[in-house]
Amino acid sequence: MPDRPSRVVRNTATSVVTIERFIIEQEELHPGASGALSGILYDLALAAKMIANKVRSAGLADVLGSAGEENVQGEVQQKLDLIANETIVKALDHGGRLCGMASEEVDELIPIPPEFRTGRYFLLFDPLDGSSNIDVNVPVGTIFSILPQKTAGDRATLEDALQPGRDQVAAGYVIYGSSTMLVYSTGSGVHGFTLDPLLGEFLLSHPDIRIPEHGRYLSVNESYEQHWDAPVRDLVRRYRGLDGKRDAMNVRYVGSMVADFHRNLLGGGVFAYPANAKAPSGKLRLLYECNPLAFICEQAGGAATDGTRRILDIVPTRLHERTPIYVGSKADVDMASEMLAAQ
Ligand code: P6P
């Protein structure tokens with residue numbers, strides 16, 4: 001058996017590496033890998049390209065505006081939400097690698113059709129996060145989380161979905177911004193790929209992303225200030241340098257979690273969506289928004305808390321449950337834990 005490389009060596013300045021090549025190289029570092037996880041990642045990359053095409057032409061193809069229906073979140077579904085949801089389901093339901101899926105847009109578990117083989121992974125996703133921004137051309141994103149199946153049957157049950165985030169085997173997101181990027185981790189660092197629209201290929205552009213220990217940016221919606229508890233207000237004042245205890249952070253908030261998170265991942269910062277009197281559990285969903293981004297952030301050297309617990313240690317009880325979240329540069333998230341734990 002030829003010696004297996006312990007890591008892949010390349011000149012990141014000149015090497016052209018497609019996401020497919022990268023996935024294969026990563027799989028080769030795990031001798032026992034079956035290739036199923038690689039197959040899921042390939043299919044997610046395909047779905048991302050298809051969604052990117054729709055998002056890019058949204059202003060032209062009359063897919064703007066709401067579909068007039070309400071999803072489980074009680075939000076008016078955007079047409080692109082539905083298209084993105086269907087794209088992911090159809091790209092992944094027949095590969096024989098999943099035992100089931102769950103989506104922000106669907107109340108219940110999404111079963112694998114009876115005519116298809118199943119596998120031992122469970123996929124959760126937010127097909128188009130920030131979709132309320134679509135009509136005004138603010139970047140939106142897709143977020144995904146992959147869990148190992150826990151139950152013995154060939155189809156998932158709710159128990160397979162309700163696992164703490166620390167059990168994820170992979171997580172990632174796609175940001176449909178000035179360029180389309182796919183960022184993911186399988187537990188061996190965080191890697192970013194930029195879509196070359198002419199080639200139709202995701203190319204490795206950001207190998208081994210690390211988030212700075214101290215952040216420049218604060219992403220929080222301060223219009224909720226009057227609804228926050230006093231410790232949260234004190235924390236945000238601290239982040240903004242208003243109590244003289246630290247340098248002021250630059251406030252950057254576009255109202256699209258993937259866009260705000262991505263900027264902070266690359267430049268350093270903290271994204272905060274605290275609980276407030278109108279949303280006592282916060283707004284963002286644990287399973288398919290907070291867990292995957294917390295996994296990515298920790299893999300990049302950052303941290304994520306709900307104020308008192310590590311996000312990845314929260315044991316879910318409901319598919320669409322929400323949680324407060326402070327995620328980003330470790331020193332800044334630790335500050336949140338220190339100031340809020342006392343509350
Ligand atoms: P608010 C978009 O609707 C979303 O789910 C996230 O992408 C975003 O960070 C958040 O809600 C914005 O919420 O209350 O500040 O408008």
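Rules behind the numbers
- Just so you know, the residues in each chain are numbered from 1, in the order the chain's sequence is written.
- Residue-level local features of this predicted model are given only where pLDDT is at least 70; pairs of side-chain atoms are given and counted only at 80 or more, and the full residue set underlies all totals for whole chains, interfaces and linings.
- By convention in this description, side-chain values take in all heavy atoms of the structure and omit both hydrogens and water.
- Any residue with a non-hydrogen atom lying within 4 Å of a molecule or strand is treated as near it.
- N or O atoms closer than or at 3.5 Å make up a polar contact, with two conditions inside protein: a donor-capable atom paired with an acceptor-capable one, and, for residues adjacent in sequence, both atoms drawn from side chains.
- For the area figures, the Shrake-Rupley method with a 1.4 Å probe applies, and any residue is considered shielded solely by the protein chains shown.
- Any residue outside Ala, Val, Leu, Ile, Met, Phe, Trp, Tyr, Cys, Pro, Asp, Glu, Lys and Arg is labelled polar, Gly included; the first ten of those are nonpolar and the last four are charged.
- Two aromatic rings, drawn from Phe, Tyr or Trp (for Trp, its six-membered ring), form a pair once their centres lie within 6.5 Å of each other, and the interplanar angle then sorts them: stacked below 30 degrees, edge-to-face above 60, tilted otherwise.
- In this description a helix means any DSSP run of H or I spanning at least four residues, a strand means any run of E spanning at least two, and both kinds are numbered starting from the N terminus.
- Summary of the burial criterion: residues with accessible area below 20% of their type's maximum are buried, those above 50% are exposed, and those between are partly exposed, where the area comes from a 1.4 Å probe applied to protein chains only.
- Only when DSSP finds a minimum of two bridges between them are two strands counted as paired.
- Here, axes are lines fitted to C-alpha atoms. For helices the fit covers the stretch in contact, and angles between N-to-C directions go from 0 to 180 degrees.
- Working rule for contacts: check all heavy atoms of both residues, and any pair within 4.5 Å makes them a contact.
- Boundary definitions for the domains trace back to an automatic or database domain assignment.
- Two parts lose some accessible area (1.4 Å probe) when they are put together, and adding that loss for both gives the buried area.
- Any Lys or Arg side-chain nitrogen located within 4 Å of an Asp or Glu carboxyl oxygen qualifies as a salt bridge.
- Residues enter a nonpolar core if they are buried and are Ala, Val, Leu, Ile, Met, Phe, Trp, Tyr or Cys, with the set joined through side-chain atoms within 4.5 Å.
- Only protein atoms enter the 1 Å grid used here. Points where a 1.4 Å probe fits but cannot escape make up a cavity, open sets with protein on both sides within 12 Å along at least five of seven lines make up a pocket, and a residue lines them when an atom lies within 4 Å of a point.
- Grid points are joined across faces, edges and corners, and a volume is the space filled by probe spheres set on the points.
- Cysteine sulfur atoms that come within 2.5 Å of each other are treated as a disulfide pair.

### Here's the deal with the site of the ligand
Right, on to step 1. Close to the ligand lie 13 residues; Asp 129, Tyr 224, Tyr 253, Met 257 and Tyr 273 are nearest.
Right, on to step 2. In the model, an oxygen atom of the ligand is placed 2.8 Å from a nitrogen or oxygen of the Asn 221 side chain.
Right, on to step 3. Take Tyr 273: an N or O atom from its side chain is 2.6 Å from an oxygen atom of the ligand.
Right, on to step 4. Expressed as a share of its isolated accessible area of 400 Å², the protein-covered part of the ligand is 86%.
Right, on to step 5. Within the shell around the ligand, the residues separate by chemical class into six nonpolar, four polar and three charged.

### Some details on the packing of aromatic side chains
Right, on to step 1. Following the criterion strictly, the structure yields six aromatic pairs and no others.
Right, on to step 2. Ring centres 5.2 Å apart and planes at 70° place the aromatic pair Phe 22 and Phe 193 in the edge-to-face group. On the criterion of sequence distance, the pair formed by Phe 22 in helix α1 (residues 19-28) and Phe 193 in strand β8 (residues 191-196) is long-range, its members being 171 residues apart. For the pair Phe 22 and Phe 193, one class covers both residues: buried.
Right, on to step 3. Taken together, a centroid distance of 5.7 Å and an interplanar angle of 90° make the contact between Tyr 173 and Phe 261 edge-to-face. In this pair, Tyr 173 is assigned in strand β6 (residues 170-176) and Phe 261 in helix α6 (residues 257-267), connecting sequence segments 88 residues apart. Just as Tyr 173 is buried, Phe 261 falls in that class too.

### Structural notes on the sheet that holds β6
Right, on to step 1. Taken in spatial order, the seven strands make up an open sheet running β3-β4-β5-β6-β7-β8-β9, and their pairing is mixed. Edge positions in the sheet fall to β3 (98-103) and β9 (201-206), since each of these pairs with one other strand and no more. Each adjacent strand pair in this sheet contributes to an overall mean axis angle of 20°, direction not counted.
Right, on to step 2. Relative to β8, strand β7 (residues 180-185) is paired through four bridges, and the arrangement is antiparallel. If you follow Tyr 184 over to β8, its bridge partner there is His 191.
Right, on to step 3. In this fold α6 packs onto β4 (121-129), β5 (140-148), β6, β7 and β9, with an angle of close to 105° to the strand it touches most, β6.

### A few points about the domain arrangement of the chain
Right, on to step 1. Here the domain parsing of the chain yields domain 1 (19-206) and domain 2 (217-341).
Right, on to step 2. Carbon and sulfur atoms make up 64% of the surface buried where domain 1 meets domain 2, a total of about 2,900 Å² over both sides.
Right, on to step 3. Taken together, domain 1 and domain 2 are joined by two salt bridges.
Right, on to step 4. At the boundary of domain 1 and domain 2, one finds twelve residue pairs in polar contact (both at pLDDT 80 or more).

### Things to note about the nonpolar core
Right, on to step 1. Ranked by internal contacts, the top residues of the largest apolar core, which has 43 residues, are Leu 92, Met 101, Leu 123, Leu 128, Ile 146, Tyr 176 and Tyr 184.
Right, on to step 2. Among the elements that make up this core, the one with the highest residue count is helix α2 (residues 36-56) (eleven residues).
Right, on to step 3. Leaving out residues up to four positions away in the same chain, Leu 92 has contacts with Ile 40, Asp 43, Leu 44, Leu 98, Met 101 and Leu 123.

### A closer look at α6
Right, on to step 1. Burial analysis of α6 places nine of its eleven residues in the buried class, the great majority of the element.
Right, on to step 2. Among the residues of α6, Met 257, Val 258, Ala 259, Asp 260, Phe 261, His 262, Asn 264, Leu 265 and Gly 267 are the ones counted as buried.
Right, on to step 3. Following α6 by one or two positions, Gly 268 adopts a phi angle in the positive range, close to 90°.

### Some points on empty space enclosed by the protein
Right, on to step 1. Applying the stated criterion across every chain yields a total of one cavity of 30 Å³ or more.
Right, on to step 2. Taken together, Leu 44, Ala 47, Ala 48, Ile 88, Thr 142, Phe 144, Val 174 and Leu 182 make up the lining of the largest cavity.
Right, on to step 3. Secondary-structure elements contributing two or more residues to the lining of the largest cavity are α2 and β5.
Right, on to step 4. Residue contributions to the lining of the largest cavity peak at three residues, all from α2.
Right, on to step 5. Partitioned by chemical class, the residues of the lining of the largest cavity number seven nonpolar, one polar and no charged.

### What about the state of the cysteines?
Right, on to step 1. Tallying each qualifying case throughout the model produces zero disulfides.
Right, on to step 2. We note that Cys 290 lacks a disulfide partner, and the nearest cysteine sulfur, in Cys 297, lies 12 Å from it.
Right, on to step 3. Since its relative accessible area comes to 0%, Cys 290 is described here as buried.

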